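Results of the structural survey
In case you want the letters, here they are:
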Amino acid sequence: MQIRPACPGDAEALRAAVSRAGETAVFDDFGAPILDVSAAGVREAAATADCSFLVEADGKPVGVALAHPDSDGREAELLALWVHPDHAADDVETTLLGNVARSLARDGVESIRTSVPHDDPTSREFYRANGFNHKTSREGPAGTEIVFVAPVERLS
């Protein structure tokens with residue numbers, strides 16, 4: 001398995017991998033896609049993320065993490081974290097989080113923020129188990145979201 005920086009050129013292969021996985025991830029139990037799986041959506045996400053990593057196994061993408069620092073540079077938003085369900089036992093998602101945290105820390109980012117739907121206990125537990133703490137709740141386009149935050153040093 002290889003982890004490398006993602007680039008916009010990875011969009012089509014990544015879109016195909018997400019599509020083959022039925023648009024689910026290892027900790028996705030509510031059926032909504034983790035990211036826009038159209039080639040344009042993946043390309044846009046990879047192009048706008050300052051920090052992006054792709055995981056490949058046998059030359060095929062099996063995971064991606066995308067993050068973008070806020071304008072003040074102290075906190076970053078985890079835009080997407082997706083791992084093919086066939087690689088759940090490989091601990092890929094935790095490795096991706098570590099790569100993102102180390103990369104962001106080099107740029108002076110102190111913490112990473114993400115949000116998950118209120119009715120997604122698996123994702124909430126995943127982030128708690130990986131050092132994230134509940135920060136707040138907010139109403140998002142898909143309903144109530146819980147915002148989690150973690151210091152980058154806890155994840156790296």
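In the block above lies the structure referred to throughout.
Notes on the structure in this doc start here.

Cut-offs used in this document
Residues numbered from 1 in each chain as written. Predicted model: local features only at pLDDT ≥ 70, side-chain atom pairs only at ≥ 80, totals over all residues. Heavy atoms only, no water. Core = buried A, V, L, I, M, F, W, Y, C linked by side-chain atoms within 4.5 Å. Buried < 20%, exposed > 50% of the residue type's maximum accessible area, 1.4 Å probe, protein only. Helix = DSSP H or I, 4+ residues; strand = E, 2+ residues; numbered from the N terminus. Contact = heavy atoms within 4.5 Å. Expected span 1.5 Å × (residues − 1). Salt bridge = Lys/Arg side-chain N within 4 Å of Asp/Glu carboxyl O. Pairing = 2+ DSSP bridges.

**Thoughts on the nonpolar core**
- Membership of the largest hydrophobic core comes to 28 residues, with the highest contact counts inside it found for L81, L96, V100, L104, I112, Y127 and F132.
- Elements that contribute at least two residues to this core include exactly β2 (51-57), β3 (60-69), β4 (75-83), α3 (92-106), β5 (111-117), α4 (121-129), β7 (143-151) and α5 (152-155).
- Residues within four places of L96 in sequence aside, it is in contact with F53, V55, G63, V64, A65, L81, W82 and V83.
- Judged by nonpolar contacts, the second largest core, of seven residues, contains A6, L54, V64 and A80.

**With respect to α3**
- In a regular helix each residue adds 1.5 Å, so 15 residues correspond to 21 Å; α3 covers 21 Å between its end C-alpha atoms and thus fits that length.
- All of the buried residues along α3 are V92, E93, L96, L97, G98, N99, V100, A101, S103 and L104.
- Positioned one or two residues after α3, G108 has a phi angle of 90 degrees, which is positive.

**Some remarks on the pattern of salt bridges**
- Using the criterion set out here, one finds seven salt bridges in the structure.
- One salt bridge in this structure joins R113 and E75, with 2.4 Å as the shortest N-O distance. One end of the pair, R113, is in strand β5; the other, E75, is in strand β4, and 38 residues separate them in sequence. Taken as a pair, R113 and E75 share a single burial class, namely buried.
- With a closest N to O distance of 3.4 Å, K135 and E75 form a salt bridge. With K135 in strand β6 (residues 133-140) and E75 in strand β4, this residue pair connects regions lying 60 residues apart in the sequence.
- Given the relative accessible area of 14%, E75 is considered buried.
- Salt bridges sharing partners connect three or more residues here, namely D70, E75, E77, R113 and K135.

**Topic: the pairing of β3**
- Among the 10 residues in β3, eight count as buried, and that is most of the element.
- Examined bridge by bridge, β2 and β3 share seven bridges and lie antiparallel to one another. Counterpart to S52 in the pairing with β3 is L66.
- The loop that links β2 with its antiparallel partner β3 comprises two residues; one of these, D58, has a positive phi angle of about 55 degrees.
- Here β3 runs beside β4; their pairing, made up of seven bridges, is antiparallel. Considered in β4, the bridge of P69 is made with A76.
- Between β3 and β4, which pair antiparallel and follow one another directly, the connecting turn spans five residues, one of which, G73, has a positive phi of 80 degrees.

**Some details on the pairing of β2**
- Within β2, seven of the seven residues are buried, leaving the element largely enclosed by the surrounding structure.
- Where burial is concerned, the two faces of β2 agree: the one with C51, F53, V55 and A57 and the one with S52, L54 and E56 are both buried.
- Pairing of strand β1 (residues 2-5) with β2 involves four bridges; the strand directions are antiparallel. Following the sheet pairing, R4 is matched in β2 by L54.

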